[in-house]
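For reference, the chains in residue letters:
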Amino acid sequence: MSEIHAEYADGWSEQEPPHPQQGPAPASSSAVTPADAADAARLVSFGLQPKLLPARDAEYTELLRRYREDPVFARLADAVATGLGLVVLEVSPRAGMAVTAGEDSVFAVRMGDYARRASPDSADRFLHGLAHLAVAAMAFPRPEDLADDAYIGRLTVNGVDAFVRQACLRLEQRADEQGENTDPASDAPGLEAGWRIYARRSATGATKDARRLAGSTTGIVGKAAAFLTDSGFLQRTGDEGGGSYRTTARYQLQVRDMAGSAAMAELLELGVVPVSDGTATLVPPPEGDDLELAADAGLPFHA
Amino acid sequence: MTSPASTDLAPPQLSAAPRPAQGPAADEGLARRLRALACTAPLHDLDARKANLAGEYTVYAMAEVALSAIDLVTLNMDFDTGADHEQIVARLLPRVAAQAPSRPTAEHERVARWVLENLINVGSVDRGFRAVYGTFGTDGVYVRRDYDFKLIEEVPGYGGGVYLRTTDEAVNVLVGALDTDVTSAQIAAEVKLEVLISRGRLADAQLAAEQARYRTVQYAETLRKTLEATRRNVRAVDWLQAVPDMIDEALDHVADRYRHENAILTNIRKARDEAEDQEHKRRAAELVDIVKDCIRRHTQLQSRLLEAGPLFRAEQDRQAFAAPTAYTGLDLYGQLVAPILPLPVEQAGKVTDAFFAHGTGLRTPASVRLGDLVDLLLTPPVEREHLGAEMPEPDLIATPDDSRFSEEQLASAMRLLDLEHDAPRRLSGLLAEARLLDGDLPYLVALLAVHAASPPVGTAYRQGEERLLFAVDDGTPLDDPEFGGADLIVGTALLDAVGMAADRSEST
């Protein structure tokens, strides 16, 4: 955590010249007072409001400046965050005090709270998780997009659904070509391939009150997008394509530093080692099997 | 008798590799037929379950309504949207009504909705059907499998609407050609049509033409999916060869079909014009419509194909000029989404759970104070202001009634002009009679008569009116103290309202 912080603190100081004003920094560098602790906690509390933009709040901006200029205050704020069960991803003018919930923290989101149907039914649980993953994949289609701090991803709910469906369709076609029977055994639903669960679920459905059918895939993706918007990760830009969104700096940090690596670790645990040299999905594949994986690497569709 | 090597159940394979193809080839064919058979089950099921409905519904042939519904949805499927739910219900009604003419319309609509909803299978969360069948694996173990399929699926359309589309399974069930190649089946259907027409067997020809149309729709659907996919995949698609080849192929195909169907069209037109028998003429005319529809669909397909090229180039440009970044990150699709989709859901779920747990950010838990809670519960609900601001009461000024003639005068003038259709009258006689009733009335009668000299035939035709007032000048001068001009002959023409209605419905 501290490594991440150090890395970004450096990057930040390059982005912006040192502030000419000198705040209460010199006074607090000698000894920590209760007022400093209150300020540090205040900064963390700003971080807990993910939709609040630093540029819109003078006090937030001032505390961020102090975090950057006063190492003692910075350590204090980090300690407050850690004590609350938070992980500091980045502290910068663009992302603000970007904190996220650590595992088992009171701030963590649990699947059971997120979707009531999800806990008993493993298919729905999987679909909700997959929807979040697909939203991220659609928002940052290329490895560079995830690495480039200036990149802003765009996505629509229907676009994400179509993108996953297409990937599922490819897998289905490949299974057909190989003559595989992918119908799962009746007594072992857990062995059914993930793509089949998604492909089987209807994309949409008519409801009595003209709202999206919650159990449909667009309903599930739409819920994920709406939830991420509440988390300050996405911003809604319009209604076309079932709702269009753009990403925020926080979302990029969250996916890059937390979610992506956690999911990768889990995947490696299962013995699956997806190898990528970071450019594989960018060039036309030579031939054969690579085409399947590379061709689906998705791209936000700008129509 | 041979005995299987081992009857023990193999432990479930938890490796990441896809499971090997199961079942010998003979069993594969059986499984395919079992699946095809399963697709018809929902239709039989409708007739079996109609007895359970509250009310007397045995008179309706549900399977027939269902097949008709699948026909309607298939024919209304276009590139962008599918068929509209309400429209399908409305078009089903005549058939349902014909099955039980004495029943109320509300019941007919209920039947149509029930059938359509059951074809979608609204009750299940997947909105699909599941059939269970068994196969023998390579190791001789009998495995029961679930086959999931849909007949009509709901897809999102523009503006958040929900449209209906028939699935490939449904089209295959409908056409009856299971597991066949789209292109070859279409060619076969067309050749058959040509032969049938050249031999003058038009009844069979219509059947073949309708099948050709289903095939056309199916082919368009396949290409639509491919195009949609390639539009998203531009970066990794082989833009040098594979994509242009694909588009060229499709364009060639459209051109070929277009030529072919135009030839057929010419032939059928000839058959229609030369046919003596009225029945033959009618059938040939219907065939013309069907083939015209095929051509329309091909034209639509072609315009889509032509749009694909510029779209590819625009995307290509957008990416080619993007500045490359120095370092790379995680490839979310290639390293996460693509590897977990083929995994069994038990394993894939762990990965998605991990992503979810770390990717959703944080939620500040709400803490409740009892005082707030009491206030909250006692506060009356706020009126929702979704109606907007209150409209000011409009200040209306009564406009003076400056009509030249009153309503009563108009009524009496219309009474005067309400003539028998076989007894036209001279304007002079009408004016004299009007003058007896009211001093002003002759002006109104003269005005109406002059208007009738150019009767609004078009309006009457559109509105399906049965009578039309007309006036004709036969050269006799009008001898009247107040008016001059021709002494018009004013009469009423009877119009063929039924015939006009039939004409209108044909022309639309």
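It should be emphasised that the depicted structure is a prediction, and the values quoted were computed from it without experimental measurement.

With respect to the overall build of chain B
- Check the secondary structure of chain B and you find 17 helices and eight strands.
- Residues classed as buried in chain B amount to 28% of the 508 residues present.
- For chain B, long-range pairs separated by at least 24 residues make up 61% of all intrachain contacts whose partners lie at least 6 apart in sequence.

With respect to the sheet that holds strand β6 (residues 425–426) of chain B
Residue and element names in this part refer to chain B.
- Within the open sheet, the three strands sit side by side as β6-β8-β7. Their pairing is antiparallel. Lying at the two open borders of the sheet, with one neighbouring strand each, are β6 and β7 (467–472).
- Sitting on the sheet, helix α15 (residues 441–452) is in contact with β7 and β8 (489–494), with an inclination near 95° to β7.

A closer look at the sheet that holds strand β4 (residues 234–238) of chain A
Residues and elements named next belong to chain A.
- Taken together, three strands build an open sheet; the order of strands is β3-β5-β4 and the sheet is antiparallel. The sheet is open, and its two borders are formed by β3 (154–156) and β4, each paired with just one other strand. Taking the axes of each pair of neighbouring strands and ignoring which way they run, one obtains an average angle of 30° across the sheet.
- Sheet analysis places β3 next to strand β5 (residues 244–247), joined by three bridges and oriented antiparallel. Note on β5: the bridge partner recorded for Thr156 is Ser244.
- In the packing of helix α11 (residues 217–230) onto the sheet, the strands contacted are β4 and β5, and the crossing angle to β4 comes to about 120°.

Focus on the pairing of β8 of chain B
Residue and element names in this part refer to chain B.
- Two strands pair when backbone bridges link them, and β6 and β8 are joined in this way by two bridges, in the antiparallel orientation. For Arg425, the partnering residue across the bridge sits in β8 and is Val490.
- Pairing of β7 with β8 involves six bridges; the strand directions are antiparallel. Bridging from a neighbouring strand, Leu469 pairs with Thr492 of β8.

The rules behind each value
- Residues numbered from 1 in each chain as written.
- Chains lettered and ligands numbered in written order.
- Predicted model: local features only at pLDDT ≥ 70, side-chain atom pairs only at ≥ 80, totals over all residues.
- Helix = DSSP H or I, 4+ residues; strand = E, 2+ residues; numbered from the N terminus.
- Buried ≥ 20, exposed ≤ 12 C-beta atoms within 10 Å, placed from the backbone.
- Contact = placed C-beta atoms within 7 Å.
- Pairing = 2+ DSSP bridges.
- Axes fitted to C-alpha atoms, helices over the stretch in contact; angles between N-to-C directions.

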